[in-house]
Amino acid sequence: MGAVDLSIWANVNEATPLLSVQGLCKNYGARVGCAHVSFDLFPGEVLGIVGESGSGKSTLLSCLAGHLKPDQGEVIFQTAQGPRDTVVMAEAERRRMARTDWAFVHQNPRDGLRMGVSAGGNVGERLMAVGARHYRDIRATAVDWLGRVEIASDRIDDRPRAFSGGMQQRLQIARNLVTGPRLVFMDEPTGGLDVSVQARLLDLLRGLVREMGLSAIIVTHDLAVVRLLADRLMVMKGGHVVEQGLTDQVLDDPQHSYTQLLVSSVLQV
Amino acid sequence: MTAHHDATLADSYNFAYLDEQTKRMIRRAILKGVAVPGYQVPFASREMPMPYGWGTGGVQVTAACLTPDDRLKVIDQGADDTTNAVSIRKFFQRTAGVAVTESTVEATLIQTRHRIPESALTAGQILVYQVPIPEPLRFLEPRETETRKMHELEEYGLIHVKLYEDIARHGTIATAYAYPVKVEGRYVMDPSPIPKFDNPKLSNSPALQLFGAGREQRIYALPPFTHVVSLDFDDHPFEASKAPHDCDLCGASDSYLDEVITDDQGGRMFVCSDTDFCRVRQEAGHLGAMAVPNLAGSA
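All values reported here derive from a predicted model rather than from experimental measurement.

The helix and strand tally for chain B stands at eight helices and 12 strands. Its C-alpha atoms give chain B a radius of gyration of 20 Å, near enough to 19 Å, the size a compact globule of 299 residues would have. Each principal axis of the C-alpha atoms in chain B carries an extent, and together these give about 60 × 55 × 35 Å. Summarising the internal contacts of chain B: among those between residues at least 6 apart in sequence, 60% fall at separations of at least 24. Measuring between centres, the 29 positive side-chain charges of chain B sit 6 Å from its 40 negative side-chain charges.

So, in structure tokens, the structure goes:
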């Protein structure tokens, strides 16, 4: 028996979750923001969160990203130094993580971009925030990232104001991914864009997520987005998670009545 | 302080205009500023009998520091004889009765707007700056709560974005005044709108440097021999720039110059912005290209 190679089991045990959420609750006074949310997110996995307006999706995302302080629960992130609860972590450390290991893509690019600063400066800000002090290197990285999100390099000195909505959103994505984060939070990344631009953006996002091995949490009410991007899906209603599972499984065989309603209400063209 | 009154003073004023409790409050803010170099200390700025932008912050700091034995010098853009300098000097002559001078070397307290004197300052001197906007991050991040948080957590990536934008637009760091500095490796500070030519003089100065912003209600300080670094990029290092000329009056090649238009035919001359420095040099016999020897007094 001693000759049996157990290394394969060692590998399985090593697969610790990147983000582990336990019993997360957030109330706004007497109203429930989100209640008793628990899930694990593994490295390289994309989790979709869907639900109607007011179902607590954005509240949950804000709690995870440290923008809001949850009332209860743990958000344990696998840092380079081992697992840490980001809820009780010092603010300085949480903010440092927010600009290195994490990224947050806002629904409205104006919330995530500095509108008075050129595209290159927007992409370079995170680099400079982590200590880059070589202008030419910063600029070369910015040009590279603008290329990756399909923005022509001669637009590098234009301000985001001069960009279309889709370009602004792509710029926001470049700005967030430039420091090579491991976890990306996205709040309706395709909201407010027209359908053909949405398709291109999704294509781009899918490529980047796969290529960089990112883990992502995507909040959306667009089932097409999760079908395309998410490995796993969580359905929320009234602050509670009513159903979760593999994306295809949830969408093709919805169990909860609300999920069934959601899936059946998608227009088939 | 009534002991220091004399017949020439307007008797209705306390020494140096401000009441003693206000001076006490300002001195406490100054002490805190000195203890934490580069940190902006809030203080309860008073209404002064001059408009905001005329140096109400500097005047309050000066008033809190003045003693009857002080010798005051006031400069505005390097000059002793411009409106702002003259009116503030007169103000303190009237309300404090202190001696005044135009000589940098003789002054014990110098209130300045937008310049550091050319001649080196010495131990025991106090240099008071008038500051319009003390927050170096203001035009990049409009939220005061956020900029305070950034100072607290030492998140200064944004200040380099400003320099990045300069290079991207102009090919070089075009910020010529109010050039951001880092104090003792900790706080990023706006050195008030002095030309960046003066930035190196901030560092390791034997004099005490105090900054007062009246409208924004902030005081900050550089104690003597504080290490101050001007921010830059590795491949675009900081450069203390000036007009590539010698002074046309005193011939100085190492002083900061003003360009003066002399006629409508394109005539111009470059003169030292520090009038005291220029006068002393001319009296010592140094003459520039356009100097008239008789006017210099010594030739």
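This part is about the sheet that holds strand β10 (residues 240-246) of chain A. All names here are of chain A. What the six strands build is an open sheet, ordered β6-β7-β8-β3-β9-β10; its pairing is mixed. Two strands bound the open sheet, and with one partner strand each, they are β6 (102-105) and β10. Mean inter-strand twist for the sheet, computed between neighbouring axes without regard to direction, equals 15°. Here six bridges tie strand β9 (residues 232-237) to β10, and the two strands are oriented antiparallel to one another. The residue bridging Met234 from the neighbouring strand is Gln244, located in β10. Contacting β3 (46-51), β9 and β10, helix α11 (residues 257-264) runs over the sheet at an angle of about 105° to β9.

Attention now moves to unusual backbone geometry. Residues and elements named next belong to chain B. Phi is positive for His114, which is not a glycine, with a value near 75°. Its place among the elements puts His114 in the loop between β4 (109-113) and β5 (126-130). In this structure, Asn204 is a non-glycine residue whose phi angle is positive, near 55°. Considering the arrangement of structural elements, one finds Asn204 in the loop between α6 (199-202) and β8 (208-213).

Across chain B, the average pLDDT comes to 92, with 94% of residues at or above 70. Of the two predicted TM-score estimates for the complex, the pTM is 0.86 and the ipTM is 0.84.

In this structure, the largest pocket spans a volume of roughly 1400 Å³. Around the largest pocket, the lining is made up of 46 residues, and of these His67, Arg95 and Arg114 of chain A together with Arg143 and Glu146 of chain B lie nearest the centre. For the lining of the largest pocket, the secondary-structure elements that each account for two or more residues are α2 (57-65), α3 (91-98), β6, α4 (109-112), α5 (119-129) and α7 (165-177) of chain A together with α4 (144-152) and α5 (157-170) of chain B. When its residues are assigned to classes, the lining of the largest pocket shows 20 nonpolar, 10 polar and 16 charged.

Moving on, we come to the state of the cysteines. Residue and element names in this part refer to chain B. According to the stated counting rule, one finds zero disulfides over all chains in the structure shown. Residue Cys247 stays outside any disulfide, its sulfur separated by 3.5 Å from that of Cys272, the closest cysteine. On the basis of relative accessibility, which here comes to 1%, the residue Cys247 falls in the buried class.

Each value, and the rule that gives it
Residues numbered from 1 in each chain as written. Chains lettered and ligands numbered in written order. Predicted model: local features only at pLDDT ≥ 70, side-chain atom pairs only at ≥ 80, totals over all residues. Heavy atoms only, no water. Helix = DSSP H or I, 4+ residues; strand = E, 2+ residues; numbered from the N terminus. Rg over C-alpha atoms; globule rule 2.2 N^0.38 Å. Contact = heavy atoms within 4.5 Å. Lys, Arg positive; Asp, Glu negative; His and termini not counted. Charge placed at Lys NZ, Arg CZ, Asp CG, Glu CD. Pairing = 2+ DSSP bridges. Axes fitted to C-alpha atoms, helices over the stretch in contact; angles between N-to-C directions. pLDDT = per-residue confidence, 0-100. 1 Å grid on protein atoms, 1.4 Å probe; cavity = no way out; pocket = protein on both sides within 12 Å on 5 of 7 lines; lining within 4 Å. Points joined across faces, edges and corners; volume = space filled by probe spheres on them. Nonpolar A, V, L, I, M, F, W, Y, C, P; charged D, E, K, R; others polar. Disulfide = S-S within 2.5 Å. Buried < 20%, exposed > 50% of the residue type's maximum accessible area, 1.4 Å probe, protein only.

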